2 protein chains.
Amino acid sequence: MAILVVGSVAFDSIETPHGKRDHCLGGAATHFALAASYFTQVRVIAVVGEDFTPENEAVFLKHGIDTQGIEHAPGLTFHWTGEYEGTLNEAKTLGTDLNVFEKFEPKIPEEYRDTEYLFLANIDPVLQARVRKQMPKVKMVCGDTMNYWIKDHAANLAIVLRELDVLLINDTEARMMAGESNLVRAAEKVLAMGPKSLVVKHGEYGATAFFGKRSFEKQGHVTLPFRAPALPLAEVVDPTGAGDSFAGGFYGYLASQKELTPEVFRTAMFYGGVMGSFAVERFGTERLQNVSREEINARFRLFKEISHLE
Amino acid sequence: MAILVVGSVAFDSIETPHGKRDHCLGGAATHFALAASYFTQVRVIAVVGEDFTPENEAVFLKHGIDTQGIEHAPGLTFHWTGEYEGTLNEAKTLGTDLNVFEKFEPKIPEEYRDTEYLFLANIDPVLQARVRKQMPKVKMVCGDTMNYWIKDHAANLAIVLRELDVLLINDTEARMMAGESNLVRAAEKVLAMGPKSLVVKHGEYGATAFFGKRSFEKQGHVTLPFRAPALPLAEVVDPTGAGDSFAGGFYGYLASQKELTPEVFRTAMFYGGVMGSFAVERFGTERLQNVSREEINARFRLFKEISHLE
């Protein structure tokens, strides 16, 4: 089934030990949509400026992504400038030009209203909640957030968390959200805030899913966490968008399946890792634009091989 | 088959957010020996002082550990004082009283000479090399080291590395040894220094094994890395000795098997994680002294459950 994603479409200027790129197509919604597009149909709600070209839009269209919800506004597209050093684990933001994104007011096209799967990428929780409200018939809602919203917009974020099926965040965000350094206890606290399930991303070490009592209502109470590996990569060219690509692979696979079972959830986490591992191989969305279904299948098998006992 | 371990038997005074313990039985060789004792017979070479009591020795004997090689010297036993804060990921050393350990000169009892499996716990690489040399018929040699030896005793360490079957170190140590921040490239450089295989421990995120061309000589060239999970734990009481306990579970299982195959190696990594997860549940070696074989089996199954796809 189709996924509706709301979030940023942006241009990223990135410097890493592997080089420099100016104004490459990026943004959370872009990485997410491209990664998910290999599994299911994706619809995007975002805003871009006059510098967003037909060539940029073609990147979405080529992957069957519906761009009706991408609003074109006067001014420039959101532009992020950042750099990575050393282990490439953390981005240093050098500039955030919100531009048209500053007054982003998500509008849901009539054709999008019946979408069953909603992804709230990392934007102001006020906007996340507003979109969620306009989709009363949605079957599943997943979302992301970041330190800025966790720290300074906790009350608004709390409203979003209450209605999430799955929250996908990283270690630091989970610990910050819970005010608790132990990851298991942090996960318990985050789950108590509302999400049925929590996926914590550990970057190069993989990801862990924590399940609450409402995670698998049809299958009864499943409490064991699940650990998915990441592929050890000799070359990480640019980690920008790795988390969004993980989310895209994860949710794209989920939305492509008939039913949400523990095994489907686990498999989705592997596909999340797979798409994240492709994303970082080149700058921006270069790799996600050109991966093949065969490569995805092969890498999925590789993820199993490097982590499975007989 | 039996394992001979050479390393420290010590008293640890530890403070963590969960409390404080004074002079609990510890040291790398102790943690290793106890963890390995659940899988195979262990022989210890270490030195202790006059404060090492028959009750302390009984801890070893109760687990069938051969203590003939524990030398009793005039003076006090090695005493480490440290504390952990926050995420408990890193120890802060408050005091290192080497005492009798300062002049430790490992002597191998005649009865130990035929031991087929040797573990060189974290001690001066000069001593590691000396022990290795006295065991010409050994079948397999594994070893550990730490930042201090990597930084300031690289030449001596290089001699030890050349003869290792498996080197077990953590992320920081692997990156420091290679002078390389990317873990895969760091692993390649470390393997080029001599060890046939490398196990990098990631603390709460599990461990990764990297294999060189000589890793599985009988089975041909196996290059894919292997990722083993760690159990997400709600309560880490004291992480002291977790790495040594991992090594004990890992090597204990290996030594208990007829042949070293990729699958045996992978299973050993799971048992390493299992023993590490027990070790941190209580202060010092308390938990390792009292775990049952049934608990170990159950936790091994749990490790599989939290990481396996159908």
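Residues numbered from 1 in each chain as written. Chains lettered and ligands numbered in written order. Predicted model: local features only at pLDDT ≥ 70, side-chain atom pairs only at ≥ 80, totals over all residues. Heavy atoms only, no water.

Another aspect to go through is the overall build of chain A. The helix and strand tally for chain A stands at eleven helices and 13 strands. At 18 Å, chain A has a C-alpha radius of gyration in line with the 19 Å of a compact globule built from 310 residues. With respect to the principal axes defined by its C-alpha atoms, chain A has extents near 50 × 45 × 35 Å. Looking at chain A as a whole, 61% of its 310 residues qualify as buried. When contacts within chain A are restricted to residue pairs at least 6 apart in sequence, those whose partners lie at least 24 apart make up 63%. With the model as given, the accessible surface of chain A reaches about 12400 Å², and the carbon-plus-sulfur share is 51%. Here chain A contributes 32 positively and 41 negatively charged side chains, and the mean placements of these two sets differ by 7 Å. (Helix = DSSP H or I, 4+ residues; strand = E, 2+ residues; numbered from the N terminus. Rg over C-alpha atoms; globule rule 2.2 N^0.38 Å. Buried < 20%, exposed > 50% of the residue type's maximum accessible area, 1.4 Å probe, protein only. Contact = heavy atoms within 4.5 Å. Areas by Shrake-Rupley, 256 points an atom, 1.4 Å probe, with all protein chains shown as cover. Lys, Arg positive; Asp, Glu negative; His and termini not counted. Charge placed at Lys NZ, Arg CZ, Asp CG, Glu CD.)

Right, let's talk about the confidence of the model for chain A for a bit. Here chain A averages 95 in pLDDT, while 99% of its residues score no lower than 70. Reported for the predicted complex are a pTM of 0.95 and an ipTM of 0.93. (pLDDT = per-residue confidence, 0-100.)

Attention now goes to the pattern of salt bridges. Counted by the stated rule, this structure contains 29 salt bridges over all chains. One salt bridge in this structure joins A:Glu105 and A:Arg130, with 2.7 Å as the shortest N-O distance. One end of the pair, A:Glu105, is in the loop between β7 (91–97) and β8 (117–120); the other, A:Arg130, is in helix α3 (residues 125–133), with 25 residues separating them in the sequence. A relative accessible area of 35% places A:Arg130 in the partly exposed class. One salt bridge connects B:Lys92 with B:Glu83, and the closest N-O pair in it is separated by 3.8 Å. (Salt bridge = Lys/Arg side-chain N within 4 Å of Asp/Glu carboxyl O.)

For the rest of this paragraph, the subject is the environment of B:Arg266. Structurally, B:Arg266 can be placed in helix α9 (residues 262–279). On the accessibility criterion, B:Arg266 (13% relative accessible area) is buried. Excluding residues that lie within four positions of it along the chain, B:Arg266 makes contacts with A:Glu305, A:Ile306, A:His308, A:Leu309 and B:Phe226. One polar contact links the side chain of B:Arg266 to the main-chain carbonyl oxygen of A:His308, over a distance of 2.7 Å. (Polar contact = N/O pair within 3.5 Å; in protein donor to acceptor, adjacent residues only side chain to side chain.)

What follows is about the sheet that holds strand β5 (residues 70–72) of chain B. Pairing between the strands of a sheet is mediated by backbone hydrogen bonds and can be parallel or antiparallel. Residue and element names in this part refer to chain B. Across the sheet, nine strands lie side by side as β5-β4-β1-β8-β9-β10-β11-β12-β13; this open sheet has mixed pairing. Where the open sheet ends on each side, the last strands, each with one partner, are β5 and β13 (226–228). Strand-to-strand twist in this sheet, taken as the mean axis angle between neighbours without regard to direction, amounts to 20°. Where strand β1 (residues 3–6) lies against strand β4 (residues 42–48), four bridges are found, and the strand directions are parallel. From the neighbouring strand, Ile 3 faces β4, where its bridge partner is Val 42. Helix-sheet contacts for helix α8 (residues 242–256) involve β1, β8 (117–120), β9 (140–143), β10 (166–170), β11 (197–201) and β12 (207–211), and the interaxial angle to β8 is about 170°. (Pairing = 2+ DSSP bridges. Axes fitted to C-alpha atoms, helices over the stretch in contact; angles between N-to-C directions.)

Residues and elements named next belong to chain B. The strand order across the open sheet built from four strands is β3-β2-β6-β7, with neighbouring strands paired in mixed fashion. Each edge of the open sheet is held by one strand with a lone partner, namely β3 (19–26) and β7 (91–97). Averaged over all pairs of adjacent strands, the angle between their axes in this sheet comes to 15°, without regard to strand direction. Pairing of strand β2 (residues 10–16) with strand β6 (residues 79–84) involves five bridges; the strand directions are parallel. Bridging from a neighbouring strand, Ser 13 pairs with Thr 81 of β6.

It is worth spelling out the packing of aromatic side chains at this point. Under the definition given, this model contains 42 aromatic pairs over all chains. Taken together, the ring pairs in this structure connect A:Phe39, A:Phe226, A:Tyr253, A:Phe270, A:Tyr271, A:Phe300 and A:Phe303 into an aromatic cluster. The cationic tip of B:Arg299 hangs over the ring face of B:Phe278; the distance from NZ or CZ to the ring centre is 4.0 Å. (Phe/Tyr/Trp six-rings, centres within 6.5 Å; stacked < 30°, edge-to-face > 60°. Lys NZ or Arg CZ within 6 Å of the ring centre and 35° of its normal.)

Turning our eyes to something else, we now look at the interface of chain A and chain B. Listed by partner, the interface residues are 39 residues for chain A and 38 residues for chain B. In total, about 3400 Å² of surface goes out of reach between chain A and chain B, with carbon and sulfur atoms giving 55% of it. On the chain A side of the contact with chain B, A:Tyr205, A:Arg227 and A:Leu309 bury the most area, a combined 24% of that side's loss. Among the ionic pairs, B:Arg175 bridges to A:Glu204, the shortest N-O distance being 2.8 Å. (Buried area = accessible area lost by both parts, 1.4 Å probe.)

A few words on the relation of the copies chain A and chain B. Laying chain A over chain B is done by rotating through 180° and shifting 0.0 Å along the axis; what remains is an RMSD of 0.0 Å. Both chain copies can therefore be described as sitting about a two-fold axis. With an isologous cut-off of 70% or more, the 97% of interface residues of chain A that recur at the interface of chain B puts this contact in the isologous class. (Least-squares fit on C-alpha atoms with pLDDT ≥ 70 in both.)

Moving on: helix α6 (residues 171–178) of chain A. Residues and elements named next belong to chain A. Across the eight residues that make up α6, a large majority, six, are buried. The complete set of buried residues in α6 reads Asp 171, Glu 173, Ala 174, Arg 175, Met 177 and Ala 178. Check the buried side of α6 and you find it contacts α4 (147–152), α5 (154–161), β10 (166–170), α7 (183–192) and β11 (197–201). Gly 179 lies just past α6 and shows a positive phi near 60°.

Residues and elements named next belong to chain A. Tracing the backbone through its elements, the reader meets Gly 27 in the loop between β3 (19–26) and α1 (28–37). In sequence terms Gly 27 and Gly 7 are 20 residues apart; their C-alpha atoms lie 7.6 Å from each other. Non-local contacts of Gly 27, meaning those with residues more than four positions away in its chain, are made with Ser 8, Val 9, Ala 10 and Asp 12.

So, about the nonpolar core. Residues and elements named next belong to chain A. Formed by 73 residues in total, the largest nonpolar core has its most connected members in Val 44, Phe 119, Val 199, Phe 250, Tyr 251 and Met 275. Among the elements that make up this core, the one with the highest residue count is helix α9 (residues 262–279) (ten residues). Not counting residues within four places of it along the chain, the set of residues in contact with Val 44 comprises Val 5, Val 9, Ala 29, Ala 33, Phe 60, Ile 65, Asp 66, Gly 69, Ile 70 and Tyr 112. (Core = buried A, V, L, I, M, F, W, Y, C linked by side-chain atoms within 4.5 Å.)

Here we come to the side chain of B:Thr145. Residues and elements named next belong to chain B. The residue Thr 145 is located in the loop between β9 and α4 (147–152) in this model. Under the relative-accessibility criterion, Thr 145 is labelled buried at 2%. Apart from the residues lying within four places of it in its own chain, the contact partners of Thr 145 are Asn 122, Ile 150, Leu 157, Leu 168, Ile 169, Glu 173 and Met 177.

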